[in-house]
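# Structure at a glance
The lines below spell out each chain.
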Amino acid sequence: MQELNLICPDDWHLHLRDGANMASVLPDSARRFGRAIVMPNLKPPVTTVDLAAAYRDRIVAALEPSSAFQPLMTLYLTDNTTVSEIEKAKSSGFVQAVKYYPAGATTHSENGVTDLKRVYNVLEAMEKMDLPLLLHGEVTDPDIDIFDREAVFIERHLLPLTRNFPGLRMVLEHITTRTATQFVADAGKQIAATITAHHLLLNRNALFVGGVRPHHYCLPILKRETHRQALIQAATSGNPKYFLGTDSAPHPRQDKESACGCAGIYTAHAAIELYAEVFEAAGALDRLEAFASFHGPDFYQLPRNQGHITLEKRSWTVPESYPCGVDTLIPLRTGEELSWKLRE
Ligand SMILES: NC(=O)N[C@@H](CC(=O)O)C(=O)O
Ligand SMILES: [Zn+2]
Ligand SMILES: [Zn+2]
């Protein structure tokens, strides 16, 4: 049987939610990953170091006692974030980054930044203190076509940001276009990007196979095949600017199967297995470990993990659904076969 032994990977973009839903989904990530950058878009959002500390305590309390999984926390940037909160974050030791959501861009982003100019003093402090900025990189302008929102964000906002804050480390999260891969490749080494498994596996046709497919709806929205090919090329290139971030985003089933369904795809149940499938198909399995386990910690200036995980080439069937608190959620590849399996 074919086996793949990897230094324990990390997930640099993860939604764990809270309460009973968090308790349901957390084991999926904790079994596969050493650490995860935990997104702060709770309701209400995690805007302060005290809120992040309390959220971290709730995550740790929900872990199996034997688990070594470490949640790395983020602060949700708002128009009202203060420089002193940034100082507190930097000295906390457990807040690793600050997350920018354009107001209204995605799930629970209503408290996001209305105009980047309003937070320039905060970005200046982050640049000085070397605290990374994570970006949901889409404009919200309703005049801009949904498929162009990432490219327009890069042009209108990210280019000026890199000019105005040349020392600020930034991660363009969940990139979806050739424009983004090219921007990141051409930028300085302070700019990196995460790539999800679902954007590597699916193009926009997956939204409409035989009818509308709400469980394939996420933001940024799936793009056309040429963009998916560019993402595969970037992820498997060996370039340390690209690393694993699942953006696994659980929503209860009825919130997805709705007249106005939520954005987000659940992949934590098979995250590293899905990436292995992509890398194998690209003939680049030997580059999976660097993408999943080395590039992220190197960018975040954290030590690489010491432990290992093993993946076996062995087919298994993804359950139709998983529990999510009192509800259920539908995972990516529901009821379908996967070819790699984590050895537990
Ligand atoms: N990616 C998504 O489609 N949804 C995320 C938010 C986000 O990362 O934009 C969520 O929190 O559900
Ligand atoms: Zn996002
Ligand atoms: Zn996300």
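The structure displayed is predicted, hence computed values, not measured ones.

Buried within helix H4 (residues 120-129) we find Tyr120, Val122, Leu123, Ala125 and Met126. Of the residues flanking the end of H4, it is Asp130, one or two places downstream, whose phi is positive at about 60°.

Geometry reference: four tetrahedral donors at a metal, ideal angle 109.5 degrees. Six octahedral donors, ideal angles 90 or 180 degrees. Around the zinc ion (ligand 2), the protein supplies His136 (ND1) and His174 (NE2) as donor atoms, at distances of 2.0 to 2.1 Å. Geometry at the zinc ion (ligand 2) is irregular, judged from the four donor atoms that bind it and their angles of 55 to 148° at the metal. In this model, the zinc ion (ligand 2) sits 3.8 Å from the zinc ion (ligand 3). Placement of His136 in the loop between strand E6 (133-135) and helix H5 (149-164) and of His174 in the loop between strand E7 (170-172) and helix H6 (178-186) is noted, with a sequence separation of 38 residues between them. As far as burial versus exposure is concerned, His136 and His174 are alike and both buried.

If you look at the biggest cluster of nonpolar residues, it comprises 101 residues, and the most contacted ones within it are Leu123, Leu133, Leu161, Leu172 and Leu288. With seven residues, helix H10 (residues 271-281) is the single largest residue contributor to this core. Among residues more than four places away in sequence, those in contact with Leu123 are Leu77, Leu116, Leu133, Leu161, Phe165 and Leu168. Core analysis: the next-biggest nonpolar cluster, separate from the first, contains 13 residues, Met39, Leu134, Val171 and Phe299 among them.

Coordination of the zinc ion (ligand 3) by the protein is provided by His13 (NE2), His15 (NE2) and Asp247 (OD), with metal-donor distances spanning 2.0 Å. Geometry at the zinc ion (ligand 3) is tetrahedral, judged from the four donor atoms that bind it and their angles of 92 to 135° at the metal. Between consecutive donor residues of the zinc ion (ligand 3), the sequence gaps follow H-x1-H-x231-D. For His13, a relative accessible area of 1% corresponds to the buried category.

In this section: the side chain of Thr310. Mapped onto the elements, Thr310 comes out in strand E10 (residues 308-317). Of the polar contacts made by the side chain of Thr310, one reaches the side chain of Asn5; its length is 3.0 Å. Among residues more than four places away in sequence, those in contact with Thr310 are Glu3, Leu4, Asn5, Lys341, Leu342 and Arg343.

Pairing of strand E1 (residues 3-7) with E10 involves five bridges; the strand directions are antiparallel. Looking at E10, one finds that Asn5 is bridged to Thr310. Note that E10 and strand E13 (residues 337-342) share five bridges and pair antiparallel. The residue bridging Trp316 from the neighbouring strand is Leu338, located in E13.

With that out of the way, let us pick up the UniProt feature "domain: Amidohydrolase-related" (unreviewed entry) in the protein. In this structure's numbering, the residues bearing the UniProt feature "domain: Amidohydrolase-related" (unreviewed entry) are residues 11-313. As annotated, residues 11-313 has a helix share of 39% and a strand share of 14%, and its two end C-alpha atoms lie 22 Å apart.

Around ligand 1, the structure places 15 residues, and the nearest of them are Arg17, Asn41, Thr106, Leu219 and Asp247. One of the side-chain N or O atoms of Arg17 is found 2.8 Å from an oxygen atom in ligand 1. Take Asn41: an N or O atom from its side chain is 2.8 Å from an oxygen atom of ligand 1. Computed on the free molecule, ligand 1 has an accessible area of 310 Å², of which 100% lies beneath the protein chains in the complex. Split by residue class, the shell around ligand 1 holds four nonpolar, nine polar and two charged.

This part is about the sheet that holds E7. Taken together, eight strands build an open sheet; the order of strands is E2-E3-E4-E5-E6-E7-E8-E9 and the sheet is parallel. In this open sheet, the two strands that pair with only one neighbour each are strand E2 (11-14) and strand E9 (242-244). Adjacent strand axes in the sheet meet at a mean angle of 30° when their direction is disregarded. The pairing of strand E3 (residues 35-38) with strand E4 (residues 70-76) spans four bridges and is classified as parallel. If you follow Ala36 over to E4, its bridge partner there is Pro71. Sheet contacts for H5: strand E5 (95-100), E6, E7 and strand E8 (191-195); angle to E7, the most-contacted strand, approximately 165°.

Rules behind the numbers
- Residues numbered from 1 in each chain as written.
- Chains lettered and ligands numbered in written order.
- Predicted model: local features only at pLDDT ≥ 70, side-chain atom pairs only at ≥ 80, totals over all residues.
- Heavy atoms only, no water.
- Buried < 20%, exposed > 50% of the residue type's maximum accessible area, 1.4 Å probe, protein only.
- Helix = DSSP H or I, 4+ residues; strand = E, 2+ residues; numbered from the N terminus.
- Donors = N, O, S within 2.8 Å, 3.2 Å for Na, K, Ca; no water.
- Tetrahedral: all angles 85-135°; square planar, octahedral: opposite > 155°, others 65-115°.
- Core = buried A, V, L, I, M, F, W, Y, C linked by side-chain atoms within 4.5 Å.
- Contact = heavy atoms within 4.5 Å.
- Polar contact = N/O pair within 3.5 Å; in protein donor to acceptor, adjacent residues only side chain to side chain.
- Pairing = 2+ DSSP bridges.
- UniProt positions renumbered as here; feature names shortened; annotations may be inferred.
- Near = heavy atom within 4 Å.
- Areas by Shrake-Rupley, 256 points an atom, 1.4 Å probe, with all protein chains shown as cover.
- Nonpolar A, V, L, I, M, F, W, Y, C, P; charged D, E, K, R; others polar.
- Axes fitted to C-alpha atoms, helices over the stretch in contact; angles between N-to-C directions.

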